[in-house]
2 protein chains.
Amino acid sequence: MTGHPELTRNQSLVLKALDKAEGPLSAYTILDLLRDDGFRAPLQVYRALEKLQEFGLVHRLESINAFVACADPHCHRHSMIAFAICENCGRVDEFSDETVEARLGEWVAANRFKPAKTTIEIRGNCAACAAQAQ
Amino acid sequence: MTGHPELTRNQSLVLKALDKAEGPLSAYTILDLLRDDGFRAPLQVYRALEKLQEFGLVHRLESINAFVACADPHCHRHSMIAFAICENCGRVDEFSDETVEARLGEWVAANRFKPAKTTIEIRGNCAACAAQAQ
DNA sequence: CAATTGCATGTTATGTCATAACATTTAGAG
DNA sequence: CTCTAAATGTTATGACATAACATGCAATTG
Ligand SMILES: [Zn+2]
Ligand SMILES: [Zn+2]
Ligand SMILES: [Zn+2]
Ligand SMILES: [Zn+2]
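Keep in mind that what you see is a predicted model, and the values were worked out from it rather than measured.

Rules used throughout
- Residues numbered from 1 in each chain as written.
- Chains lettered and ligands numbered in written order.
- Predicted model: local features only at pLDDT ≥ 70, side-chain atom pairs only at ≥ 80, totals over all residues.
- Heavy atoms only, no water.
- Donors = N, O, S within 2.8 Å, 3.2 Å for Na, K, Ca; no water.
- Tetrahedral: all angles 85-135°; square planar, octahedral: opposite > 155°, others 65-115°.
- Helix = DSSP H or I, 4+ residues; strand = E, 2+ residues; numbered from the N terminus.
- Buried < 20%, exposed > 50% of the residue type's maximum accessible area, 1.4 Å probe, protein only.
- Contact = heavy atoms within 4.5 Å.
- Buried area = accessible area lost by both parts, 1.4 Å probe.
- Salt bridge = Lys/Arg side-chain N within 4 Å of Asp/Glu carboxyl O.
- Near = heavy atom within 4 Å.
- Polar contact = N/O pair within 3.5 Å; in protein donor to acceptor, adjacent residues only side chain to side chain.
- Nonpolar A, V, L, I, M, F, W, Y, C, P; charged D, E, K, R; others polar.
- Pairing = 2+ DSSP bridges.

### Notes on the coordination of the zinc ion (ligand 2)
All names here are of chain A.
- The zinc ion (ligand 2) binds to the protein through Cys-86 (SG), Cys-89 (SG), Cys-126 (SG) and Cys-129 (SG), with metal-donor distances spanning 2.2 to 2.4 Å.
- Every donor counted, the four donor atoms about the zinc ion (ligand 2) form angles of 105 to 113 degrees at the centre, which fits tetrahedral coordination.
- Mapped onto the sequence, the donors of the zinc ion (ligand 2) take the spacing C-x2-C-x36-C-x2-C. Of the two residues, Cys-86 sits in strand S3 (residues 82-86) while Cys-129 sits in helix H5 (residues 127-132), which places them 43 residues apart along the sequence.
- A relative accessible area of 8% means that Cys-129 is categorised as buried.

Right under this line is the structure:
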């Protein structure tokens, strides 16, 4: 279907770093991880992240200023994606909900609002971390 | 019922600045607005904002790094508050939706996630700005 | 009252996140 | 090959947020 263009070297490196991390990373953390690959400046990371977000391969977590590899190849089908972010271990769960989409869509329609990007982020403790803390 | 303690001088000044602005302000913009009132450093603003958020009088808009005065004195009754933010004129609409709360609550319960703070922010163009742009 | 305690404040310095501006390189299209 | 668009490299700067420590100030309490 909508295939993505071949990734450039920088884009591949950044995506690989995020995949390997299995959790959100800040742009500057990515920069540090890629020093040995020749990365020298934040812009190299931010530019790669920008493209990867366009391709839907990476999401930005607005509430924690971090980036995460997309966990759901089909998430493009949804207009809104929700994230549950563990503040203890960094685990991120990506999910979508038709009803939530519909309800927010109703508000938007009723108020003639033209949405560009919707952020839904739940921060707290994941099951494992919550259990650990009793 | 749950009245708020008397605000301190700094808290009052910051809240007044936000009320007057009728839109979101960055902490540094607030700082500049309050120079004549003796404000000298970002921390004076951030500390006041922290308390005002605790009291439920101010909300932080995570996706744009800005703060806005609460527009709904009853929003405390809800566990989640959604914001529609116009990227053109800065208008912010605050609303809540029981169904959205319930659906996200179901996901949280099913995944044994312990939520601490939930962010729902829709960025785009408000009705007036969208009409203006055809 | 004096001592203690807790909170708010003031101040300096630093840390963290993101982009502007401009030069250079690279990969295709014609 | 030449032109062009996109990607990259590099330096500098802007924007957002907090650490650390000193000071003030009012309420409690012995
Ligand atoms: Zn995704
Ligand atoms: Zn966790
Ligand atoms: Zn509110
Ligand atoms: Zn508008």
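### Some words on the interface of chain B and chain A
- On the side of chain A, 33 residues touch chain B, which itself brings 33 residues to the contact.
- In total, about 2,900 Å² of surface goes out of reach between chain B and chain A, with carbon and sulfur atoms giving 64% of it.
- Along the contact surface separating chain B from chain A lie four salt bridges.
- Glu-62 of chain B is the partner of Arg-123 of chain A in a salt bridge, and the nearest nitrogen-oxygen pair spans 3.2 Å.

### A few points about the protein's contact with DNA strand C
- Taken together, 16 residues lie around DNA strand C, and Tyr-28 and Arg-60 of chain A together with Thr-8, Gln-44 and Arg-47 of chain B are the ones closest in.
- Near the protein, within 4 Å, the atoms of DNA strand C are sugar or phosphate in 44% of cases.
- With respect to DNA strand C, the side chain of Tyr-46 of chain A contributes an N or O atom lying 3.0 Å from a phosphate oxygen.
- For DNA strand C, a phosphate oxygen lies 2.7 Å from a polar atom in the side chain of Thr-8 of chain B.
- Counting residues per element, the ones that place at least two in the surface near DNA strand C are helix H3 (42-54) of chain A together with helix H1 (9-21) and helix H3 (42-54) of chain B.
- For the surface near DNA strand C, the leading source of residues is H3 of chain B, giving four residues.
- Each residue belonging to the surface near DNA strand C can be placed in one class, and the counts come to six nonpolar, five polar and five charged.

### Let's talk about the pattern of salt bridges
- According to the stated counting rule, one finds 18 salt bridges over all chains in the structure shown.
- The salt bridge partner of Arg-103 of chain A is Glu-106 of chain A, with a shortest N-O separation of 3.5 Å. Here Arg-103 of chain A and its partner Glu-106 of chain A are both found in helix H4 (residues 98-110), three residues apart, which amounts to about one turn of the helix.
- Look at Arg-103 of chain A and you get partly exposed, because its relative accessible area is 28%.
- For Glu-62 of chain B, the salt bridge goes to Arg-60 of chain B, with nearest N and O atoms at 3.3 Å.
- Classification of Arg-60 of chain B by relative accessible area gives partly exposed; the value is 24%.
- By sharing partners, the salt bridges in this structure join Arg-60, Glu-62 and Lys-117 of chain A together with Glu-87 and Arg-123 of chain B into a single network.

### A short note on the pairing of strand S1 (residues 58-61) of chain A
Residues and elements named next belong to chain A.
- Where S1 meets strand S2 (residues 66-69), four bridges bridge the pair, whose relative direction is antiparallel. Each residue of the ladder has a partner; that of Arg-60, found in S2, is Phe-67.
- Linking two consecutive strands that pair antiparallel, namely S1 and S2, is a turn of four residues; a positive phi of about 50 degrees is found at Asn-65 within it.

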